[in-house]
Amino acid sequence: MDPLFASLTSEQKKQIWEQVERFRTAFDSLSCFSPSDDCDETIVSAHTIQRKALSLIARDGHVYDFRADLGEVFKNGKDFKPQLKGINHVSTFNGFCQKHDCELFKPVETEIYTAAGQQHFALFFRAFAKELHEKIQGIKSFPSFEQIQKIWPDFRIETYRHFDEFRLQAMVATIKLLEIKSWLGSIYKSKEFRRVQSYVVAFRTLPTIFCAGFTNLLYDFNGQPCQNLFDAQKLYPGVSISVFPTNPGGVVVFSWLDTAAKLPVQFCNSLEAIAANRKTSAIIRMLFEYCGNIAISPDWWENLDKPTQDMLLSRFYNGTHSGPRSADCLKDDGINLGDWQVAYACFV
Ligand SMILES: [Zn+2]
């Protein structure tokens, strides 16, 4: 366990967490992330992974929802246990008004997937908006040192600074994400949807995990670095990773902006080079390593042996104080996590 968590009693952790929850609730009023101005009054709670997709892998209406949430890590330390969650509550967030939720995501909600530019734009935008929403909420909701001290007068400033690093990192990332938001606005208005570039891996069978993630990929499958988050001169090379069903089978779509394409292309080329029968395991490792917003088939998860489950769970803590991410985090560990049977893979 991280010494940071070990230094807090469970009662102290509970009290601090309750404070964070109060702030989160207080700041739950949001506006619409759409590039258009003519919003409806109502902000809707919408799925980022389609509800009908979730129902395909659910058991009795439930899936495993693995959120790599700072609050969860803080509240539970290393004792985080994934829980079954009703599909109505998985992958949702309040980021768009009713009108713009329909307008922006119609190409992926109501049309058959054909790798169309507007569909990839919609997938990218939705995963991006959820990430931006979570970053902003995280910054707004984090209690100040004074607020924590009111609950626990002995709370040390050194401990708080440890936590505060998370907030500073979130602020830097948020500034970079807001740059992407303005690019997305101009692409949407000019309808230049192919400026969102993609790499698609199609499978013959139904994936056991669905995802609508947005992340900065630190290392590729060869262990080579592929991010420049803190390079102020360059656009944040954020990548959306969407896994969803098609008929039959399913696809994984990686998308990025053409203005920051070099590193995502390097990442996808390193996946392209992996043998077809090892690609599914590689993708699953990556989803656990880099994506918070994933939904998992209960039947698949519960059939894994405990060491494999523990190995996958430990990936959630990589990149935090509890476990820095190593360069070879995505290299093949020899564990077989399934084979969704690759049909084809291509850049679009
Ligand atoms: Zn709106």
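Everything that follows concerns the structure shown earlier in this document.
The structure reproduced in this document is the subject of the present report. (Residues numbered from 1 in each chain as written. Predicted model: local features only at pLDDT ≥ 70, side-chain atom pairs only at ≥ 80, totals over all residues. Heavy atoms only, no water.)

1. Examining the nonpolar core
Judged by nonpolar contacts, the single largest core of 56 residues is most densely connected at F254, M286, L287, F288, W300 and W301. Of all the elements, helix α10 (residues 276–290) adds the most residues to this core, at seven residues. Look past the residues within four positions of F288 in its chain and what remains in contact with it is F66, I209, I296, W300, W301, L312, R315 and F316. In terms of nonpolar packing, the next biggest core, distinct from the first, is built from 34 residues, F105, A202, F214 and V253 among them. (Core = buried A, V, L, I, M, F, W, Y, C linked by side-chain atoms within 4.5 Å. Buried < 20%, exposed > 50% of the residue type's maximum accessible area, 1.4 Å probe, protein only. Helix = DSSP H or I, 4+ residues; strand = E, 2+ residues; numbered from the N terminus. Contact = heavy atoms within 4.5 Å.)

2. Remarks on the side chain of R195
Mapped onto the fold, R195 is located in the loop between α8 (157–190) and β5 (196–203). Looking at R195, the relative accessible area reads 19%, which means it is buried. Beyond its immediate chain neighbours, meaning those up to four positions away, R195 contacts W183, I187, W256, L257, D258 and T259.

3. Here we look at the pairing of strand β8 (residues 250–257)
Looking down a regular strand, the side chains alternate between one sheet face and the other. The element β8 is extensively covered by neighbouring structure, given that eight of its eight residues are classed as buried. Both β5 and β8 contribute to a ladder of eight bridges, which runs antiparallel. Bridge pairing links V201 to V252 in β8. Across six bridges, the pairing between strand β7 (residues 239–245) and β8 is antiparallel. Following the sheet pairing, I241 is matched in β8 by F254. The antiparallel pairing of β7 with β8 creates a hairpin that spans four residues between the two strands, and G249 there sits at a positive phi of about 85 degrees. (Pairing = 2+ DSSP bridges.)

4. Details of the coordination of the zinc ion
The coordination sphere of the zinc ion contains the protein donors C32 (SG), C39 (SG), C97 (SG) and H100 (ND1), at a distance range of 2.0 to 2.4 Å. Donor residues for the zinc ion, ordered by position in the chain, follow C-x6-C-x57-C-x2-H. With C32 in the loop between α2 (10–26) and β1 (43–47) and C97 in strand β4 (residues 92–97), this pair connects stretches of sequence that are 65 residues apart. Among the residues examined, C32 registers a relative accessible area of 14% and is labelled buried. Judged by its relative accessible area of 0%, C97 falls in the buried class. (Donors = N, O, S within 2.8 Å, 3.2 Å for Na, K, Ca; no water.)

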